[in-house]
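Here is what each chain is made of, one letter per residue.
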Amino acid sequence: MTTRRFDSKAAIVTGGARGIGFATALRLAKEGASVAVFDLDSEAASSAAKAIAEETDARVIGLPCDVSDATATESAVEQVVTELGGIHVLVNNAGVTRDNLLHKMSEQDWDIVLGVHLRGAFLMARAVQAHFVAQKYGKIISLSSASALGNRGQANYSAAKMGIQGLTRTLAIELGPFGVNVNAVAPGFVATEMTDATAARLNMAVEDFRSLAADQNPVRRVGLPEDIAAAVAFLASDESSYVTGQTLYVDGGATLG
Ligand code: NAD
């Protein structure tokens, strides 16, 4: 049998029950990884894990874990180490939006978004780091966004997503000497329930919203979860072992100007 990129590796994908996280968990599993799907809802995490296991020969588990909760992240990571026999790859993908213009943005809108994306990525990285350092091997990939560069109505989200880029660079410096690569992927518009919800908020049909987004980048299509999963898989693999501290924009060229 040919070897696959993630044979004998275990990966956690946060927010893996649907969208980009689900596609990423599936991709890693197809390439040999044992995968733990973390999501808010135990039911959603388990059914995603079951769907991935049915499509692959991988060991896949689904665990409830709110990434903004320190105790929950620590105990869920320990459960993964016990059940999957270790941990080698962390994908910080869990995300929410609470879009509003500044004068209408509540402190709660700010705290929730910063809490899930930025505090969540910090807590998850902290929870895996002892394992990664001890085995002198680990990959951390966090989802940033093209919105990090600025996007009307997304002060909270943009700050969190640019924060992830700073966190990524700093963790790359701190953990590089211990065999740990830390990178980010910054998607442009990707067709998922997150962007469908934005369309609904703007009173637009999903197809119209997607075609508007497609017109705004050079490749003239929207991104698919699989486009992002492919980039994450590259950064999670040993093919990118000389790449660290970077943010890879996967946006069909939307941010080229
Ligand atoms: P999605 O809304 O379809 O899925 C997000 C998942 O995260 C859901 O399953 C949700 O339950 C889970 N989640 C939310 N809060 C959580 C928490 N506290 N703990 C654990 N899980 C939690 O979103 P998506 O479009 O697949 O986006 C995935 C990631 O990619 C997010 O970080 C998002 O910000 C980023 N991103 C998405 C796009 C896009 O266009 N869809 C663009 C750029 C970046």
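Being a predicted model, the structure only gives us computed values, none of them experimental. (Residues numbered from 1 in each chain as written. Predicted model: local features only at pLDDT ≥ 70, side-chain atom pairs only at ≥ 80, totals over all residues. Heavy atoms only, no water.)

Concerning the sheet that holds strand β3 (residues 60-64)
The criterion, for reference: Pairing between two strands requires that DSSP report at least two bridges joining them. Helix and strand definitions follow DSSP, with helices as H or I runs of at least four residues and strands as E runs of at least two, each counted in order from the N terminus. Axes, fitted as lines to C-alpha atoms, cover a helix only where it is in contact. Angles between the N-to-C directions of the axes lie from 0 to 180 degrees.
If you walk across this open sheet you meet the seven strands as β3-β2-β1-β4-β5-β6-β7, and the pairing is parallel. Whereas interior strands pair on both sides, the edge strands pair on one side only; in this sheet they are β3 and β7 (247-250). Adjacent strand axes in the sheet meet at a mean angle of 20°, parallel and antiparallel pairs treated alike.

Quick look at the nonpolar core
Worth spelling out the cut-off: In these notes, a set of buried Ala, Val, Leu, Ile, Met, Phe, Trp, Tyr and Cys residues joined through side-chain atoms within 4.5 Å is what counts as a nonpolar core. Buried, partly exposed and exposed residues are distinguished by accessible area as a fraction of the type maximum, computed with a 1.4 Å probe on protein chains only: under 20%, between the cut-offs, and over 50%, respectively. The contact criterion used throughout is that any non-hydrogen atoms of two residues lie within 4.5 Å.
In terms of nonpolar packing, the biggest core is built from 31 residues, with I12, F38, V80, V128 and I140 touching the most fellow members. Those elements that place two or more of their residues in this core are β1 (10-14), β2 (34-39), β3, α3 (70-84), α4 (107-135), α5 (155-175) and β6 (180-187). Considering every element that reaches this core, the biggest residue donor is α4, with seven residues. With near-sequence residues (within four places) excluded, F38 lies in contact with I12, V13, T14, G15, G16, L63, C65, A76, V77, V80 and M124.

Brief notes about the packing of helix α1 (residues 19-30) against helix α2 (residues 42-55)
The following threshold applies: Should the near helix be turned anticlockwise from the far one by less than a right angle, the crossing is left-handed, and should it be turned clockwise, the crossing is right-handed. Throughout, the ten residues Ala, Val, Leu, Ile, Met, Phe, Trp, Tyr, Cys and Pro are labelled nonpolar, Asp, Glu, Lys and Arg are labelled charged, and all others, Gly among them, are labelled polar.
It is the contact of α1 with α2, at a shortest axis distance of 10 Å, that shows an interaxial angle of 35°. When you trace α1 past α2, the crossing you get is right-handed. Here α1 contributes F22, A25, L26, A29 and K30 to the contact with α2, which in turn contributes A48, A51, I52 and E55. Grouping the amino acids of the contact of α1 with α2 by side-chain chemistry returns seven nonpolar, no polar and two charged.

Comments concerning unusual backbone geometry
Not every positive phi belongs to a glycine, and K136 is a case in point at roughly 50°. Turning to its location among the elements, K136 is positioned in the loop between α4 and β5 (138-143). One non-glycine residue, R220, lies in positive phi territory at about 60°. With a relative accessible area of 55%, R220 lands in the exposed category.

A short note on the site of the ligand
What counts here: Near, as used in this document, describes a residue that has one of its heavy atoms within 4 Å of the molecule or strand being considered. N or O atoms closer than or at 3.5 Å make up a polar contact, with two conditions inside protein: a donor-capable atom paired with an acceptor-capable one, and, for residues adjacent in sequence, both atoms drawn from side chains.
Looking at the ligand, there are 28 residues lining it, with R18, D39, N93, Y157 and T192 nearest. D66 is positioned such that a nitrogen or oxygen atom in its side chain is 2.9 Å from a nitrogen atom of the ligand. One of the backbone N or O atoms of N93 is found 2.8 Å from an oxygen atom in the ligand. Counting only elements with at least two residues in the shell around the ligand, the list comes to α1, α4, α5 and α6 (193-201).

Some points on the packing of aromatic side chains
The condition is simple: Pairing of aromatic rings covers Phe, Tyr and Trp, the last counted by its six-membered ring, and requires centre-to-centre distances within 6.5 Å; plane angles under 30 degrees mean stacked, over 60 mean edge-to-face, and any other angle means tilted.
As enumerated under the stated definition, the model contains one aromatic pair in all. Centre to centre, the rings of F189 and F209 are 5.4 Å apart; their planes meet at 70°, and the pair counts as edge-to-face. A residue pair is termed long-range when its members are at least 10 positions apart, and F189 in the loop between β6 and α6 and F209 in helix α7 (residues 206-215) qualify at 20 residues. In this structure F189 comes out as partly exposed when scored by relative accessible area, which is 24%.

What to know about helix α8 (residues 225-236)
For an α-helix, 3.6 residues make a turn, and residues three or four places apart therefore share a direction. Definition in use: Given a helix with a known number of residues, its expected span is that number minus one, times 1.5 Å.
Over its 12 residues, α8 runs 16 Å from end to end, which matches the ideal 16 Å to within 8%, given 1.5 Å per residue. Among the residues of α8, those classed as buried are P225, I228, A229, A231, V232, A233, L235 and A236. As for α8, its buried residues are in contact with α1, β4 (89-92), β5, β6 and β7.

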